[in-house]
Amino acid sequence: MEQEYFEEDEEMYVTITLEDDSEVECRILTIFETEGQDYIAMITVENEDDDSWDGDILIYRYFEDEDGEPGLDNIETEEEFEMVSEIFDQIMEDEEDDEE
């Protein structure tokens, strides 16, 4: 999986090349750490204005290589995905509470 990062109006965007060579443009929502692993949560640009984000959020393991280049890895297990999803949901709830 390849990715290309760019900024637009202080928002961070990434274009991800999937295994089937299709490309998806996403807006980065947050990068967070849990249990010593960094994760990145993104929403596809085509769905970012839709209030029903369910199912449109992409979450990957996030890392930077020895040259500082960002990279993504798939989350391997259902247990890890459930744990990370719950943490992401809490982060989003906390942000909503802070905005009110």
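Rules and cut-offs
- Residues numbered from 1 in each chain as written.
- Predicted model: local features only at pLDDT ≥ 70, side-chain atom pairs only at ≥ 80, totals over all residues.
- Heavy atoms only, no water.
- Helix = DSSP H or I, 4+ residues; strand = E, 2+ residues; numbered from the N terminus.
- Buried < 20%, exposed > 50% of the residue type's maximum accessible area, 1.4 Å probe, protein only.
- Contact = heavy atoms within 4.5 Å.
- Areas by Shrake-Rupley, 256 points an atom, 1.4 Å probe, with all protein chains shown as cover.
- Salt bridge = Lys/Arg side-chain N within 4 Å of Asp/Glu carboxyl O.
- Pairing = 2+ DSSP bridges.

So what exactly am I meant to see when it comes to the overall build of the protein here?
What the protein contains, in helices and strands, is one helix and six strands. Taken over 100 residues, the protein has a buried fraction of 33%. Of the contacts formed within the protein by residues at least 6 apart in sequence, a portion of 29% connects residues at least 24 apart. Here the protein displays about 7,000 Å² of accessible surface, and carbon together with sulfur accounts for 36% of that area.

How do you make sense of the pattern of salt bridges when you look at a structure like this?
Two side chains carrying opposite charge are able to pair once their charged atoms lie near each other. Counted according to the given criterion, the structure contains two salt bridges. In this structure, arginine 27 engages glutamate 11 in a salt bridge whose closest nitrogen and oxygen atoms are separated by 3.4 Å. Linking arginine 27 in strand S3 (residues 23–34) with glutamate 11 in strand S2 (residues 11–17), this pair joins segments that are 16 residues apart in sequence. Taking relative accessible area as the criterion, arginine 27 reaches 14% and is therefore assigned buried. In this structure glutamate 11 comes out as partly exposed when scored by relative accessible area, which is 32%. The residue arginine 61 makes a salt bridge to glutamate 80 at a minimum N-O spacing of 2.9 Å. Placement of arginine 61 in strand S5 (residues 57–64) and of glutamate 80 in helix H1 (residues 78–99) is noted, with a sequence separation of 19 residues between them.

Sorry, what's going on with the pairing of S2 here?
A regular strand places its side chains on the two faces of the sheet in alternate fashion. Of all seven residues in S2, five are buried; the element is thus mostly enclosed. Sheet topology note: the S2/S3 ladder contains five bridges and is antiparallel. The residue bridging isoleucine 16 from the neighbouring strand is valine 24, located in S3. Following S2, the chain reverses through five residues before pairing antiparallel with S3; aspartate 21 in that reversal takes a positive phi of roughly 70 degrees.

Looking at this model, I keep getting lost on the pairing of S5. Mind explaining?
Note that strand S4 (residues 37–44) and S5 share six bridges and pair antiparallel. Bridge pairing links aspartate 38 to tyrosine 62 in S5. The sheet contact formed by S5 and strand S6 (residues 70–73) spans four bridges and is antiparallel. Across the sheet, the residue bridging to arginine 61 is aspartate 73, located in S6. Two successive antiparallel strands, S5 and S6, enclose a turn made up of five residues, where glycine 68 displays a positive phi of approximately 80 degrees.

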